[in-house]
Amino acid sequence: MKKIVAICMAILTIQISLGFLMNPILAQETEDVVVTATVSGCDLTILIHPEKRIPQVGNWGTDLEVDIYRSSDNLYMGSFNTTSNDLLGQTPKVNLCGLGIVLDSSNYDLYINGKSHLRRKYSNISNFNTPDNVVDLRLRGLLLAGDVSNILDNYINILDISVILSGFLGNQDKIDLNQDGKVNVLDLSNVITNYLTKGD
Ligand SMILES: [Ca+2]
Ligand SMILES: [Ca+2]
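What this report covers is the structure whose coordinates are included nearby. (Residues numbered from 1 in each chain as written. Chains lettered and ligands numbered in written order. Predicted model: local features only at pLDDT ≥ 70, side-chain atom pairs only at ≥ 80, totals over all residues.)

1. Re the overall build of the chain
A tally of helices and strands in the chain yields 4 helices and 7 strands. Along the chain, helices (α) and strands (β) appear in the sequence α-α-β-β-β-β-β-β-β-α-α when read from the amino end. Within the chain, buried positions represent 26% of all 200 residues. A separation threshold of at least 6 residues defines the contact pool for the chain, and within that pool the share at least 24 residues apart is 62%. (Helix = DSSP H or I, 4+ residues; strand = E, 2+ residues; numbered from the N terminus. Buried ≥ 20, exposed ≤ 12 C-beta atoms within 10 Å, placed from the backbone. Contact = placed C-beta atoms within 7 Å.)

In structure tokens form, the structure reads like this:
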């Protein structure tokens, strides 16, 4: 009896499958489900400039840490590190989706920290729901130089001046704030200009 029931079930299953494949309406409904998808931004390129570079042509590159928050509720979305190029201050394409960062048509705040710079907030960046996003921050504020202390405090004070002085007349990259190849009074002047300034 069990064997007969099993055979009947098998025949029924085959009939349903054949009916589904032969029925264009059912096939169309299946296709509609597959087509439904949410498009979100995956590739992100950023253009950003640090302050007081010498020379200012082709000297814009720096290492960057980027933190992304949703503007409306300050929800943390994710972070990544990248390096901008000297020619334009442009990062390579970063694949956000590959990092688990999925953005939609909302506005987002980018907090960006340069290698020797205070962290800066760039608010309400939108249009992340296109496949290839280019965010140009060059006219939205320069990265302020001088946060070079070993303590990561996002603040410029006597500790940062002390680090510059300890490498004075050398060529240590991190404290060569204007990236002209030497650490001298110009770099010291940059730190003094931003003295007691706090990052975002
Ligand atoms: Ca500092
Ligand atoms: Ca310098």
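2. Notes on the environment of L196
Topologically, L196 is positioned in the segment after α4 (185-193). Overall, the presence of 8 C-beta atoms within 10 Å leaves L196 in the exposed class. Once the C-alpha coordinates of L196 and Y155 are considered, the two residues, 41 residues apart in sequence, prove to be 6.7 Å apart. Residues contacting L196, with those up to four places away along its chain left out, are I156 and N157.

3. Some points on the sheet that holds strand β6 (residues 120-125)
Spatial strand order, β3-β2-β5-β6: 4 strands in an open sheet with antiparallel pairing. Both edges of this open sheet fall to β3 (75-83) and β6, since each of them pairs with a single strand only. Taking each pair of neighbouring strands and ignoring which way they run, the sheet shows an average axis angle of 20°. Sheet topology places strand β2 (residues 63-70) next to strand β5 (residues 108-114); 7 bridges connect them, and they run antiparallel. (Pairing = 2+ DSSP bridges. Axes fitted to C-alpha atoms, helices over the stretch in contact; angles between N-to-C directions.)

4. A word on the pairing of strand β7 (residues 132-136)
By the alternation rule, side chains of β7 split into N133 and V135, which are all buried, and D132, V134 and D136, of which none is buried. Two elements, strand β1 (residues 43-47) and β7, share 5 bridges in a ladder whose sense is parallel. Looking across to β7, one finds that T45 is bridged to V134.

5. A closer look at the nonpolar core
Formed by 28 residues in total, the largest nonpolar core has its most connected members in Y108, L110, I112, I164 and I175. Elements with a minimum of two residues in this core: β1, β2, β5 and α3 (158-166). Excluding residues that lie within four positions of it along the chain, I164 makes contacts with V148, I175, V183, D187, L188 and V191. (Core = buried A, V, L, I, M, F, W, Y, C linked by C-beta atoms within 7 Å.)

6. With respect to unusual backbone geometry
The omega angle of the peptide bond from I54 to P55 is -10°, so this bond is cis rather than trans. Inspection of the secondary structure puts P55 in the loop between β1 and β2. A positive phi angle, near 55°, is found at N124, a position not held by glycine. Tracing the sequence through the fold places N124 in strand β6. Accessibility expressed as a C-beta count within 10 Å gives 11 for N124, which makes it exposed. Despite not being glycine, L169 has its phi angle at roughly 70°, a positive value. Tracing the chain through its elements places L169 in the loop between α3 and α4. A tally of 9 C-beta atoms within 10 Å means that L169 is categorised as exposed.

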